[in-house]
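# Commentary on secondary and tertiary structure
Given next are the chains, with one letter for each unit.
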Amino acid sequence: VDEKMSTYRSESELSRFNNSQTTAPFLLSAETVEVFQHALDISELTAGAFDVTVGPLVEAWGFGPLGEPSAFPSDQDIARLQDQVGYTQLKVDVAASTVSKSNSMLRADLSALAKGYAVDQVTELLDAEGFDSFLVEVGGEVRTMGHSERGDVWRVGIERPGSGSVEVHRLVALQNLSLATSGDYRNYYELDGQRLSHTIDPRTGRPVSHGLTSVSVVEALCVRADAIATALGVLGPDHGFSLAIEQGWAALLIERGKDGELHEREPPAFAALTLE
C-alpha cells in the first residue's frame with residue numbers, strides 16, 4: 001500500500017499521477033483506484049468537507065514537508081491555491097482502473113485513507129489464510145475479527161485527547177468492526193498568538209477554528225472509518241454531529257470548551273458500543 005500510495009516515494013503510483021501534466025485517464029492499480037473511489041464517496045457524503053486534493057493548502061499553512069511558515073498565507077494565496085483544490089475535478093473509472101483530473105495541476109494525498117486501507121488489506125489476508133480471531137493496528141487505526149484471546153469481544157481504548165500522557169478516555173467493544181480516530185492535539189503550532197490545527201477545511205482554505213479536538217468513528221471498513229473521522233473533524237461539533245446522526249455513523253465527538261473541559265457528543269450507534 002505504501003509503495004503504491006505514498007506521497008513521499010517519488011516512484012509510487014500516486015506520485016506519478018500527481019506529477020503527470022495530463023488530464024487523460026491515468027492507469028493505476030485496482031487498489032489505488034479503490035481508495036480514490038472511497039475518497040470520492042466520502043467527499044460526496046460530506047459535501048466536500050473531506051477532500052484528498054487539499055494538499056496545496058495544507059502545505060501553505062505549514063503542515064507539509066516544508067514546515068511552519070514565517071507568515072500566514074494571504075487571501076490572494078489561498079484563492080490561488082483553491083483553484084488547484086476540489087474533488088469534483090477528479091474522475092474515477094473502476095472498470096478501466098483509471099483516475100483522471102480535469103485540472104492538470106491537481107495533486108491528491110491519500111494519507112487520510114491509506115492507513116485504514118492497509119488495515120483492511122492485512123485483515124483480508126489473515127482471513128484468507130484461515131485466521132478467524134485477530135486485531136490489526138496500523139498507526140492507531142484498528143480492525144478486529146472474531147474474539148480476543150480471553151474469548152470475549154475485543155476491547156479497544158480511545159485515547160483521552162491532550163492529556164500529556166496516554167490515558168484511556170473511553171473503551172469500546174469491537175467485533176468484526178474498525179475504529180479510527182482523528183484529533184488536533186498532536187499536530188499543531190502557534191503563530192502570532194494563534195493556535196493552528198493541521199485540519200484544513202478545503203471549502204474555506206483555512207484551518208478549522210472550532211473546538212472539536214477528537215473524533216472517533218466505528219465502521220465495518222477501516223478505510224471508511226479513517227476518512228469519516230477526518231471529515232467530521234472538519235465539520236466541527238455541531239455540523240459533524242448532525243451528519244453522523246443523519247448517516248447513522250457510530251462516532252464519538254469530543255469538544256474542548258473555553259474552560260478546558262472536555263464535552264462529548266455521540267449518536268446512539270456509538271453509545272451502543274461503549275463499555276463501562
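Refer to the preceding data block for the structure.
Residues numbered from 1 in each chain as written. Predicted model: local features only at pLDDT ≥ 70, side-chain atom pairs only at ≥ 80, totals over all residues. Heavy atoms only, no water.

### Let's talk about the overall build of the chain
Condition: Helix numbers and strand numbers start at the N terminus; a helix is a DSSP run of H or I with at least 4 residues, a strand a run of E with at least 2. Throughout, the radius of gyration refers to the C-alpha atoms, and the reference size of a globule is 2.2 Å times the residue count to the power 0.38. Only protein chains enter the accessibility calculation, which uses a 1.4 Å probe. A residue is then buried if its area is under 20% of the maximum for its type, exposed if over 50%, and partly exposed in between.
If you tally the helices and strands in the chain, you get eight helices and 16 strands. A compact globule built from 276 residues should have a C-alpha radius of gyration of about 19 Å, and the chain, at 19 Å, falls within 12% of that. By its C-alpha atoms, the chain is 55 × 50 × 30 Å across when sized along the principal axes. Burial analysis of the chain (276 residues in total) assigns 49% to the buried set.

### What about the sheet that holds strand β14 (residues 250–256)?
Note the cut-off: Following DSSP output, two strands are said to pair if at least two bridges run between them. Each axis is a line fitted through C-alpha atoms, taken for helices only over the stretch in contact, and angles between the N-to-C directions span 0 to 180 degrees. For this analysis, residues touch if any pair of their heavy atoms sits within 4.5 Å.
Spatial strand order, β4-β5-β8-β13-β14-β15: six strands in an open sheet with antiparallel pairing. Of all strands in the sheet, those with a lone pairing partner are β4 (134–138) and β15 (262–265), marking the two edges. Taken pair by pair, the neighbouring strands of this sheet meet at an average axis angle of 15°, ignoring direction. Bridging between strand β13 (residues 212–219) and β14 involves six bridges; their strand directions are antiparallel. Considered in β14, the bridge of V215 is made with L253. Sheet strands in contact with helix α7 (residues 222–247) are β5 (141–145), β8 (178–183), β13, β14 and β15, and its direction is about 130° off that of β13.

### Structural notes on the nonpolar core
This is how the line gets drawn: Residues enter a nonpolar core if they are buried and are Ala, Val, Leu, Ile, Met, Phe, Trp, Tyr or Cys, with the set joined through side-chain atoms within 4.5 Å.
Counting 43 residues, the largest nonpolar core has F36 and L232 as the members making the most contacts within it. Among the secondary structure elements, those contributing two or more residues to this core are α2 (13–19), α3 (30–45), β2 (90–93), α6 (111–128), β13, α7 and β14. Per-element accounting of this core gives the leading share, eleven residues, to α7. Here F36 is in contact with L14, F17, L28, L90, V92, V99, A108 and L110, once residues within four sequence places are set aside.

### Considering α7
To keep things clear, this is the line we draw: For a helix, the expected span equals 1.5 Å multiplied by the number of residues minus one. Across the chain, bend at a residue is computed as the angle between axes fitted to the seven residues ending at that point and the seven starting from it.
Look at α7: only 17 Å from first C-alpha to last across 26 residues, short of the 38 Å you get at 1.5 Å a residue. In α7, a bend of some 130° at G236 exceeds every other bend along the element, and P237, a proline, comes one to four places later. Of the residues trailing α7, G248 is marked for its positive phi of about 75°.

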